[in-house]
Amino acid sequence: KSRKTADPAADSSPKLGADKHQAEATSKKKLCVKAAKEHSIPKNLSKVLEHRVMETVLDLSYVKLSVLEMMCFGDADSEGIVSKSVSSHSDLIPGVYEGGLKIWECTFDLMDYFAEAEIEFTNKTVLDLGCGAGLLGIVALRGKADRVHFQDYNSTVIDEITLPNVVANCINEGRRMGSGKDRKASKPPSKRARKAEGSPDMLNRCRFFSGEWSQVNQLLLSSNKPFSKYDIILTSETIYNPDYYSALHDTLAQLLDKNGCVYLASKVHYFGVGGGIYLFEKFIEEKNVFRTTMVKTIDQGLQRCIMEITFK
């Protein structure tokens, strides 16, 4: 099978089915609006991890995606994104599936940067935007963030990947996260499903959302539940498609606290899709709302960057 799944050393630019790329890109110009919803946390946490096969990287647990692909059909994949992604050998199907089944390379770049720059999450409100596996938000949660919210385009990703990952890591709260150098030395994949044994307090600090960014904005800002803007927004490999830049910029502008900070990790260019860090930087400059700073550049493989974004 040519499609890569959650490999911690995973590269790469998103792969679109070549025969569908042009038609999908054209249709995406119309920007499908996927309704937002909040996902409740099941009371029985053991059910969340039932039948899951977990792997570990950087001392964080995550659902083994190759197993999920074999099992996640029917009711568990109401959006049909698993079967569509596998059958088309595609990491992206614009407006249908936006990459959340894969752990992308820049996620680990950003995690490394948190350690290097000693980013402080204690008592912060944090949003993991385009969360996928949710590893960035989990790091913030373990870093004593006051609240962590997770958002992904696809509801299947939240239910089948993000939520189980958060539960699995909450029940192992005491374990220490390693540095990037320790990845290959991390514990071998567990072959057994885990049982959740406490730590609901950490989960009480979490909320989970799916849907298109503008819709999630509306849901949060119009909700009856108390909402305060985020001190920190984390997002990795979400600027591959220039068609999304306006929605992303508006989301950051509406949800970030006036003294808050965005940490965005991206490849310099996404071949075959069109986006990239400098194109998004130019977009931000033209909007004249935010100040950007390139805080790290990684030259191994495809060049990648970490950008810090704050209000002017």
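Up top is the structure these notes are about.
Residues numbered from 1 in each chain as written. Predicted model: local features only at pLDDT ≥ 70, side-chain atom pairs only at ≥ 80, totals over all residues. Heavy atoms only, no water.

Participant: Sorry if this is basic, but what is going on with the pattern of salt bridges here?
Facilitator: Any two side chains of opposite charge can pair, on the condition that their charged atoms come close. Tallied over the full model, the rule gives nine salt bridges. Among the ionic pairs, Glu50 bridges to Lys47, the shortest N-O distance being 3.5 Å. In this structure Glu50 comes out as partly exposed when scored by relative accessible area, which is 36%. We classify Lys47 as exposed; its relative accessible area is 53%. A cluster of three or more residues bridged by salt bridges with shared partners is formed by Glu105, Asp109, Glu237, Lys267 and Arg304. (Salt bridge = Lys/Arg side-chain N within 4 Å of Asp/Glu carboxyl O. Buried < 20%, exposed > 50% of the residue type's maximum accessible area, 1.4 Å probe, protein only.)

Participant: Explain the nonpolar core to me, please; I cannot follow it from the model alone.
Facilitator: The nonpolar side chains of a soluble globular protein tend to be buried with one another. If you look at the biggest cluster of nonpolar residues, it comprises 55 residues, and the most contacted ones within it are Phe121, Leu135, Val166 and Leu234. No other element matches the eight residues that helix H7 (residues 155-170) contributes to this core. Listed in part, the 31 residues of the second largest apolar core include Leu220, Tyr244, Tyr270 and Cys305. (Core = buried A, V, L, I, M, F, W, Y, C linked by side-chain atoms within 4.5 Å. Helix = DSSP H or I, 4+ residues; strand = E, 2+ residues; numbered from the N terminus.)

Participant: Explain the side chain of Glu281 here, please?
Facilitator: Among the structural elements, Glu281 can be located in helix H11 (residues 277-287). Lys282 is the oppositely charged side chain nearest to the buried, salt-bridge-free Glu281, at an N-O distance of 11 Å. Setting aside anything within four residues of it in sequence, one finds Glu281 in contact with Thr292, Met294 and Met307. (Lys, Arg positive; Asp, Glu negative; His and termini not counted. Contact = heavy atoms within 4.5 Å.)

Participant: I would appreciate a short explanation of the pairing of strand S2 (residues 54-57) in the present structure.
Facilitator: It is a general feature of regular strands that their side chains alternate between the two faces of the sheet. Of the two faces of S2, the one carrying Met54 and Thr56 and the one carrying Glu55 and Val57 are both buried. Once S2 ends, the chain turns through two residues before running back antiparallel as strand S3 (residues 60-63), passing Leu58 with a positive phi of about 50°. (Pairing = 2+ DSSP bridges.)

Participant: What am I meant to see in the packing of aromatic side chains here?
Facilitator: For any pair of aromatic rings, the description consists of the separation of the ring centres together with the inter-plane angle of the planes. Applying the stated criterion to the full structure yields 12 aromatic pairs. Relative to Tyr230, the ring of Phe227 lies with its centre 5.5 Å away and its plane at 75°, an arrangement referred to as edge-to-face. Judged by its relative accessible area of 1%, Tyr230 is buried. Relative to Phe283, the ring of Tyr245 has its centre 5.8 Å away and its plane inclined at 70°; by these criteria the two rings are edge-to-face. (Phe/Tyr/Trp six-rings, centres within 6.5 Å; stacked < 30°, edge-to-face > 60°.)

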